[in-house]
Amino acid sequence: MTAAAVSNPENSLGASGEFAGGGKPTSATGSRHSLSYLAHFGLAEAPFGLTPDTDFFFASPPHQEALDTLLHALESGEGFIKIVGAVGTGKTLLCRMLLAELPRRCRALYLPNPALDPVGILCAVAEELGLKLTGKESCYRVHKAIQTRLIALARRGTRVVLILDEAQAISLESLETVRLLSNLETEKRKLLTIVLFGQPELDARLQDIPQLKTRISFHDRLRPLQREELAAYLSHRMARAGFEPAVLPFSPRAARLLYEVSGGVPRVVNVIAHKALMLTYGKGLHRAGWREMQHAARDTLAAKRIRRTARWVLPVLAMLGAGAATAGWLYLMT
């Protein structure tokens with residue numbers, strides 16, 4: 001992640017008129033502005049980029065539990081593991097954390113976009129294993145070559161894990177091919193551990209393949225951040241980006257609004273928080289307030305609508321409540 005992350009098109013604020021040209025305030029232009037933004041807050045890099053960066057991994061309880069589950073399952077040689085989470089909850093980042101912390105003598109085969117037909121799945125796995133194919137092999141020959149390579153790796157003491165990201169996009173036919181790969185085993189253990197990362201739609205797909213569903217040994221579900229976890233999440237990302245002051249550059253009201261409009265979804269939090277900081281910088285301030293967060297949220301398509309109660313509503317409700325109480329008391333006295 002670099003300073004260039006601040007120019008992400010999703011992070012522009014053209015609609016509100018506060019920003020112009022790829023997320024940059026109208027008071028400055030060019031890459032020098034991005035560097036000035038970082039210097040303004042004492043940052044070494046942008047804290048709220050959208051690229052899944054393992055340096056910024058926040059070990060919330062469900063994410064840490066899921067990572068621990070994955071590592072334990074790999075050590076024990078389990079066949080199938082499933083991790084499900086809604087869009088933006090950190091599945092891909094968790095996947096990259098797994099790749100970064102693989103146990104010793106464990107080799108990963110990573111398919112980031114496995115929306116392939118059955119032959120494509122087999123060929124992708126073969127390619128990850130370093131097998132040279134001519135493209136004319138039958139499914140049987142490719143499957144046999146994969147088995148032979150896995151057996152050779154097992155004899156050398158190497159465990160192999162197949163990681164499929166965005167697994168909800170896999171067709172039923174290709175999921176069946178993945179299931180058949182899980183049949184590869186010796187008398188002692190499986191030759192291949194398979195990890196499925198996917199959105200909740202993956203659960204619905206697995207209902208149609210009970211033979212695969214019953215083989216899942218471990219599963220976890222990622223959730224959005226809870227309200228009390230948001231401050232720790234913001235502090236963590238700011239600190240990892242080089243921010244040193246003890247007080248976050250978000251007022252308490254701004255942080256509460258950020259949670260309300262993001263629902264605690266990390267990806268949405270990142271987009272809105274970044275825009276709020278850019279607005280704050282553009283105004284020459286060092287702390288984002290409720291208004292900056294409001295503008296940032298209104299410019300973000302994924303943000304929830306801001307719920308505001310008109311100023312006259314609460315006093316009127318209070319007066320009506322008091323009137324009803326008085327009327328009730330008078331009725332009892334008569």
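Residues numbered from 1 in each chain as written. Predicted model: local features only at pLDDT ≥ 70, side-chain atom pairs only at ≥ 80, totals over all residues. Heavy atoms only, no water.

Colleague: Looking at this structure, I do not really get the pattern of salt bridges. What am I missing?
Modeller: Opposite charge on two side chains makes pairing possible when the charged atoms of those side chains draw close. If you walk through the whole model with that rule in mind, you get seven salt bridges. Among the ionic pairs, D203 bridges to K82, the shortest N-O distance being 2.8 Å. In this pair, D203 sits in helix α7 (residues 201-207) while K82 sits in strand β1 (residues 80-85), placing the two residues 121 residues apart along the sequence. Taken as a pair, D203 and K82 share a single burial class, namely buried. Across the pair K190 and E185 runs a salt bridge whose closest N-O atoms are separated by 3.1 Å. Classification of K190 as partly exposed rests on a relative accessible area of 24%. E185 sits in the partly exposed class, given a relative accessible area of 43%. By sharing partners, the salt bridges in this structure join K82, D203 and R221 into a single network. (Salt bridge = Lys/Arg side-chain N within 4 Å of Asp/Glu carboxyl O. Helix = DSSP H or I, 4+ residues; strand = E, 2+ residues; numbered from the N terminus. Buried < 20%, exposed > 50% of the residue type's maximum accessible area, 1.4 Å probe, protein only.)

Colleague: How do you make sense of empty space enclosed by the protein when you look at a structure like this?
Modeller: Empty space among the atoms becomes visible once a probe the size of a water molecule is rolled across them. Taken as a whole, this structure holds one cavity of 30 Å³ or more when the rule is applied. Considering the residues around the largest cavity, the lining is formed by G77, R159, V160, R189, K190, L191, L192 and T193. Among the residues forming the lining of the largest cavity, the class breakdown is three nonpolar, two polar and three charged. (1 Å grid on protein atoms, 1.4 Å probe; cavity = no way out; pocket = protein on both sides within 12 Å on 5 of 7 lines; lining within 4 Å. Points joined across faces, edges and corners; volume = space filled by probe spheres on them. Nonpolar A, V, L, I, M, F, W, Y, C, P; charged D, E, K, R; others polar.)

Colleague: Hey, could you run me through unusual backbone geometry in this one?
Modeller: If a residue is not glycine, its phi is most likely negative; likewise, a peptide bond is most likely trans. In the Ramachandran plot, R105 falls in the positive-phi region, its phi being about 60° despite a non-glycine side chain. One can find R105 in the loop between α3 (91-100) and β2 (106-111). R105 sits in the exposed class, given a relative accessible area of 52%. Even without being a glycine, E166 presents a positive backbone phi close to 55°. Mapped onto the secondary structure, E166 falls in the loop between β3 (159-164) and α6 (172-181). Residue E166 is classed as partly exposed on the basis of its relative accessible area of 26%.

Colleague: Which parts of the structure should I look at to understand the layout of surface pockets?
Modeller: By volume, the largest pocket amounts to about 400 Å³. Lining the largest pocket we find 25 residues, and of these G88, T89, G90, L93 and P266 sit closest to its centre. Residue assignment for the lining of the largest pocket shows that the elements contributing at least two residues are α3, α9 (227-240) and α11 (266-282).

Colleague: How should I be thinking about the sheet that holds β2 in this particular structure?
Modeller: Either a parallel or an antiparallel arrangement is found when strands of a sheet pair, and the pairing is made through backbone hydrogen bonds. Strand order in the open sheet formed by five strands is β2-β3-β4-β1-β5, with parallel pairing between adjacent strands. Whereas interior strands pair on both sides, the edge strands pair on one side only; in this sheet they are β2 and β5 (216-222). Direction aside, neighbouring strands of the sheet carry axes that sit 15° apart on average. For β2 and β3, the ladder comprises six bridges, and the chain directions are parallel. Directly across from A108, in β3, lies its bridge partner V161. (Pairing = 2+ DSSP bridges. Axes fitted to C-alpha atoms, helices over the stretch in contact; angles between N-to-C directions.)

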